[in-house]
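# Residue-level structure breakdown
Residue-level listing of the chains:
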Amino acid sequence: MAELELLTPSTAEEALAALRAGAEGEVAVLAGGTDLLADLEEERSRARRLVSLRRLPWRTLDWVGASLTIGSTLPLRDLELDPGVRARLPGLYAAVHAVGSVPLRHRATLGGNLGRSAPASDLIPVLLALDAEVELLGPGGVRRLPVDRFVRASRVTAIAPGELIRSVRIPEARPSAFLWQRVRPANDISQLAVAVALAPSDRRWRVAVGGIPPRATLLAEAAEALGAGRPSAESVRRAGESAARGIRIVADRRASEEYRRRLVGTLLARAVASALTSPEAPP
Amino acid sequence: MTGRSVRLTVNGRAATVEGVPGGERLLDTLRWRLGLKGTKEGCRTGGCGACTVLVDGASTLSCLTLTHEVDGSTLTTVEAVADDPVGRAVRDAFEREGALQCGYCTPGFVMALTGLLKERGRSAPVDELLDGLQGNLCRCTGYAAIVRAVRAVAKEGSA
């Protein structure tokens, strides 16, 4: 591997300046490094200069009432061990727990997962279902984008050159669930994943499917089929059918198209049932 | 580029490592500069857990960690795991239960389990400990004895 230059800015201003100083494609942002360093090791990344975010004061987790703001460099393990996340955002807890292993989660971050935007990300589907918003900091200031607009395609995001992810905001605690299917349950990549969440205000569902390239997809029609609040068995069945129709399902080395198509409805039904066991679920 | 020096506390001793290039992995610093070859190289991409060490007490994959990123940190590797009562209990349980075949994955398991017990407390439930070891692979598939060792450690912790 060729020489890498590592910059470790202490302030957001220094970090933005460090990003600007390098040629495009040669600079990469280093958060936990669990994805980027594997890519460098296997020569999938050509980055020659890394801007480490480790000294920035963004390892934060702030509950304000029912809304949660997660600093982009907070290790996933801290998110997983937060009692509020486990109790009030069960879908987020399950998705974080599904990422890699404990030692990996000690370094991996939510900002890194979003910034790298792998097609098999377990976190992006649940962020879609929870209606999360990404806060970006750039030379021109701060802008906020819903995750659905932030993630564009496999490893393509709406982040502009010179911008950094500062935080992710989840607007409110929601009954939610995240379920995956894998060849091996441990330390593997999901063949398919389904995230669901129920908004307490209007009792509407949001449904997202992940694990299928090029990116996780929000399924409005399937969510609509679930209706408001607690759905009937028939609504759940129709939502599953709608979900299987509503996404472009492709085969890859992890799973066939047919297998994924069958799996969508099954995981969706189980995810809805699981979300409804949450203490904050409607009667 | 010639690299720069990194200060670490490794297994209780201060160590200054000179001339570390920006891209160097902690795994390579430990094995090739500090001679601590108990930490094993498996996949180098975070999939096997053989290279697990403690960084400021937290289990960490040393293959996916740049040495510069842990400048100023306190590290514990398998060579010193038994210097501390929790690590010693883990090592003794692995030894008693014969929880190894070729032994290559053992340092990773021992460090990951020690890290979990330090993070979650000595009385952490056995299911959580087993779940927390999902990232450690044993290519010999010698899991039965490893699980026995984990159960033994958990039982001591809950006593």
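## Here we look at the overall build of chain A
- Summing up its helical and strand segments, chain A has 12 helices and 14 strands in all.
- In terms of C-alpha radius of gyration, chain A reaches 19 Å, essentially the compact-globule figure of 19 Å for 283 residues.
- The burial tally for chain A puts 49% of its 283 residues in the buried class.
- Within chain A, counting contacts between residues at least 6 apart in sequence, those at least 24 apart form 64% of the total.

## Some thoughts on the packing of helix α11 (residues 233–246) of chain A against helix α12 (residues 257–275) of chain A
Residue and element names in this part refer to chain A.
- At a minimum axis distance of 8 Å, the contact between α11 and α12 shows a crossing angle of 140 degrees. The pairing of α11 with α12 is recorded here as oblique in orientation. Along this stretch, α11 crosses α12, giving a crossing that reads as right-handed. Listed contacts from α12 to Val236, Ala239, Gly240, Glu241, Ala243 and Ala244 of α11 are Arg261, Val264, Gly265, Leu268, Ala269 and Val272.
- Of the residues that constitute the contact of α11 with α12, the class distribution is 8 nonpolar, 2 polar and 2 charged.

## Let's talk about the sheet that holds strand β4 (residues 58–61) of chain B
Residue and element names in this part refer to chain B.
- Taking strand neighbours across the sheet as the criterion, the 5 strands line up as β2-β1-β5-β3-β4 in an open arrangement whose pairing is mixed. Looking at strand neighbours, the two that pair on one side only are β2 (13–20) and β4, the edges of this open sheet. Adjacent strand axes in the sheet meet at a mean angle of 40 degrees when their direction is disregarded.
- With 6 bridges joining them, strand β1 (residues 4–10) and β2 adopt antiparallel strand pairing. Note on β2: the bridge partner recorded for Thr9 is Ala14.
- The strands touched by helix α3 (residues 106–120) within the sheet are β3 (52–55) and β4, with β3 carrying the most contacts at an inclination of about 35 degrees.

## Concerning helix α2 (residues 85–96) of chain B
Residues and elements named next belong to chain B.
- With 12 residues, α2 should reach 16 Å at 1.5 Å per residue; the first-to-last C-alpha distance of 16 Å fits that figure.
- Where α2 is concerned, the buried positions are Gly87, Val90, Ala93 and Phe94. The arc enclosing the buried residues of α2, seen along the axis, measures out at 130 degrees, which places them on a common side. Pointing more than 90 degrees away from the buried face of α2 are the exposed residues Pro85 and Arg96.
- Where α2 ends, the next residue or the one after it, Gly98, has phi of about 60 degrees, a positive value.

## Regarding the interface of chain B and chain A
- In this assembly, 24 residues from chain B lie in contact with 22 residues from chain A.
- Put simply, the parts of the chain that give the side of chain B that touches chain A at least two residues each are β4 and α3 of chain B.
- Looking at the side of chain B that touches chain A, the element that brings in the most residues is β4(B), giving 4 residues.
- Broken down by class, the residue content of the side of chain B that touches chain A amounts to 8 nonpolar, 14 polar and 2 charged.

## Overview of the domain arrangement of chain B
All names here are of chain B.
- Along its sequence, chain B is carved into domain 1 (4–42 + 55–77) and domain 2 (80–158).
- Here the C-alpha centre of domain 2 lies 22 Å away from the C-alpha centre of domain 1.
- Facing the 10 residues of domain 1 at the interface are 12 residues of domain 2.
- Here the residues of the side of domain 1 that touches domain 2 sort into 1 nonpolar, 8 polar and 1 charged.

## Notes on the nonpolar core
- With 132 residues, the main nonpolar core has Val194(A), Ala195(A), Val196(A), Val207(A), Leu268(A), Ala271(A) and Leu113(B) as its most contacted residues.
- Each residue touching Leu268(A), except ones within four places of it in the same chain, is listed here: Val194(A), Val207(A), Ala222(A), Ala239(A), Gly240(A) and Ala243(A).

## Let's talk about the sheet that holds strand β11 (residues 176–181) of chain A
All names here are of chain A.
- Pairing is antiparallel across the open sheet formed by 4 strands, whose spatial order is β11-β12-β13-β14. Lying at the two open borders of the sheet, with one neighbouring strand each, are β11 and β14 (217–218).
- Note: β11 against strand β12 (residues 192–198), 6 bridges, orientation antiparallel. If you follow Ser176 over to β12, its bridge partner there is Ala197.
- Contacting β11 and β12, helix α5 (residues 90–97) crosses the sheet at an angle of about 30 degrees to β11.

## A short note on the confidence of the model for chain B
- Looking at chain B as a whole, its pLDDT mean stands at 96, while 99% of the residues score no less than 70.
- Scored as a complex, the prediction yields pTM 0.96 and ipTM 0.97.

## Comments concerning the pairing of β1(B)
Residues and elements named next belong to chain B.
- From the end of β1 to the start of β2, which pair antiparallel, there are 2 residues, and Asn11 there has a positive phi angle of about 50 degrees.
- With 2 bridges joining them, β1 and strand β5 (residues 74–76) adopt parallel strand pairing. When the bridges of β5 are listed, Val10 appears paired with Leu75.

## Overview of unusual backbone geometry
- For the bond from Pro213(A) to Pro214(A), the omega torsion is 5 degrees, close enough to zero to count as cis.
- In this structure, Pro214(A) sits in the loop between β13 (205–210) and β14.

## Here's the deal with the packing of α2(B) against helix α5 (residues 143–158) of chain B
Residues and elements named next belong to chain B.
- At a closest axis distance of 8 Å, the pairing of α2 and α5 adopts a crossing angle of 135 degrees. What the angle tells us is that α2 and α5 run oblique. Where α2 crosses over α5, the two elements pack in a sense that is right-handed. Here Ala89, Val90, Ala93, Phe94 and Arg96 of α2 lie close against α5, whose contacting residues are Ala149, Ala152, Val153 and Glu156.
- Classifying every residue of the contact of α2 with α5 gives 7 nonpolar, no polar and 2 charged.

About the thresholds
Residues numbered from 1 in each chain as written. Chains lettered and ligands numbered in written order. Predicted model: local features only at pLDDT ≥ 70, side-chain atom pairs only at ≥ 80, totals over all residues. Helix = DSSP H or I, 4+ residues; strand = E, 2+ residues; numbered from the N terminus. Rg over C-alpha atoms; globule rule 2.2 N^0.38 Å. Buried ≥ 20, exposed ≤ 12 C-beta atoms within 10 Å, placed from the backbone. Contact = placed C-beta atoms within 7 Å. Axes fitted to C-alpha atoms, helices over the stretch in contact; angles between N-to-C directions. Parallel < 35°, antiparallel > 145°, perpendicular 65-115°, else oblique. Left-handed = near helix turned anticlockwise from the far one by under 90°. Nonpolar A, V, L, I, M, F, W, Y, C, P; charged D, E, K, R; others polar. Pairing = 2+ DSSP bridges. Expected span 1.5 Å × (residues − 1). Arc of directions from axis to C-beta. Domains from an automatic or database assignment. Core = buried A, V, L, I, M, F, W, Y, C linked by C-beta atoms within 7 Å. pLDDT = per-residue confidence, 0-100.

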